[in-house]
Amino acid sequence: QQPVQSPQAVILREGEDAVINCSSSKALYSVHWYRQKHGEAPVFLMILLKGGEQKGHEKISASFNEKKQQSSLYLTASQLSYSGTYFCGTESHSWGKLQFGAGTQVVVTP
Amino acid sequence: NAGVTQTPKFRILKIGQSMTLQCTQDMNHNYMYWYRQDPGMGLKLIYYSVGAGITDKGEVPNGYNVSRSTTEDFPLRLELAAPSQTSVYFCASSYEGGKDSEQYFGPGTRLTVT
């Protein structure tokens, strides 16, 4: 069962904030976040592990609620470069085998 | 480092033809993956490998085959192409699982089957 992302799309003005959510019906080992710009490959943003460990870009923040199998990605003081489609990927074991959500399209306007 | 490279970038196949998508990484990563991405959708895992000689099926393996004879290369074989295999194919690699499992993606191969 793939994770469910919400919202499907969001439009922001530069400087505004947004939250993207990712939830799973299965117990999770980790949650990954990637951003994909149109016509390009996905790019790694962050990984959040069971137990609280995180690894990723300094300017990106995210949370992982292990009890609820939910993760949220926070886009703060958005910039034009934040535009793209954001995907969460979840795994139940430490094997690197991810299931990706359908994505959240983010458009940041001047 | 070139990272993850894929060839070809584009390909048009006729129904029933076969082809191999090439993927190479120069980061000495142990884990490699093949995904397909249909328009407006997320990524679906086709096959993955945790090391040379070891491969396993992902969510959507039917119609595909893989091999991993070296750490660097992970080719994907399409046998008897069907229109349902029209998609963008991404190869990715990661050092391993766990906290070092961030995946690095190649530029993709856009495949059309007509």
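As the structure is a prediction and not an experimental result, all values here were calculated from the model.

Enquirer: I tried to follow the overall build of chain B on my own but got confused; where do I start?
Expert: When helices and strands are counted, chain B shows zero helices and eleven strands. Scanning chain B from its N terminus toward the C terminus, one meets helices and strands in the order β-β-β-β-β-β-β-β-β-β-β. Computed over C-alpha atoms, the radius of gyration of chain B comes to 13 Å, within 12% of the 13 Å expected from 2.2 N^0.38 for 114 residues, which places it in the range of a compact globule. Counting only C-alpha atoms, chain B reaches 40 × 30 × 25 Å along its principal axes. The buried share among the 114 residues of chain B stands at 47%.

Enquirer: Just to check I follow, could you spell out the overall build of chain A for this structure?
Expert: For chain A, the helix and strand inventory stands at zero helices and eleven strands. Shown N-terminal to C-terminal, the secondary structure of chain A runs as helices and strands in the order β-β-β-β-β-β-β-β-β-β-β. The C-alpha extent of chain A, read off along each of the three principal axes, is 40 × 25 × 20 Å. Within chain A, the proportion of its 110 residues that are buried is 45%. Here the contacts in chain A between residues at least 6 apart in sequence split such that 56% fall between residues at least 24 apart.

Enquirer: Can you help me understand the state of the cysteines in this one?
Expert: Covalent bonding between the sulfur atoms of two cysteines defines a disulfide. All names here are of chain A. This structure, assessed with the given rule, holds two disulfides over all chains. In this model Cys22 forms its disulfide with Cys88; the gap between the sulfur atoms is 2.1 Å. Handedness here is read from the sign of the S-S torsion; for Cys22 and Cys88, about 70 degrees, the answer is right-handed. With Cys22 in strand β3 (residues 18-23) and Cys88 in strand β9 (residues 84-91), the pair connects residues that are 66 residues apart, well separated along the chain.

Enquirer: Could you clarify how one ought to interpret the interface of chain A and chain B in this entry?
Expert: Between chain A and chain B, the residue contacts involve 24 residues of the former and 25 residues of the latter. At the boundary of chain A with chain B, total buried surface from both sides reaches about 1,900 Å², with 56% on carbon and sulfur atoms. At the junction of chain A with chain B, the criterion picks out one salt bridge. Of the charged contacts in the structure, one is a salt bridge between Glu102 of chain B and Lys55 of chain A, with a shortest N-O distance of 3.3 Å. Secondary-structure elements contributing two or more residues to the side of chain A that touches chain B are β4 (30-36), β5 (43-49), β9 and β10 (99-100) of chain A. The residue makeup of the side of chain A that touches chain B, split by class, is twelve nonpolar, seven polar and five charged.

Rules used throughout
Residues numbered from 1 in each chain as written. Chains lettered and ligands numbered in written order. Predicted model: local features only at pLDDT ≥ 70, side-chain atom pairs only at ≥ 80, totals over all residues. Heavy atoms only, no water. Helix = DSSP H or I, 4+ residues; strand = E, 2+ residues; numbered from the N terminus. Rg over C-alpha atoms; globule rule 2.2 N^0.38 Å. Buried < 20%, exposed > 50% of the residue type's maximum accessible area, 1.4 Å probe, protein only. Contact = heavy atoms within 4.5 Å. Disulfide = S-S within 2.5 Å. Buried area = accessible area lost by both parts, 1.4 Å probe. Salt bridge = Lys/Arg side-chain N within 4 Å of Asp/Glu carboxyl O. Nonpolar A, V, L, I, M, F, W, Y, C, P; charged D, E, K, R; others polar.

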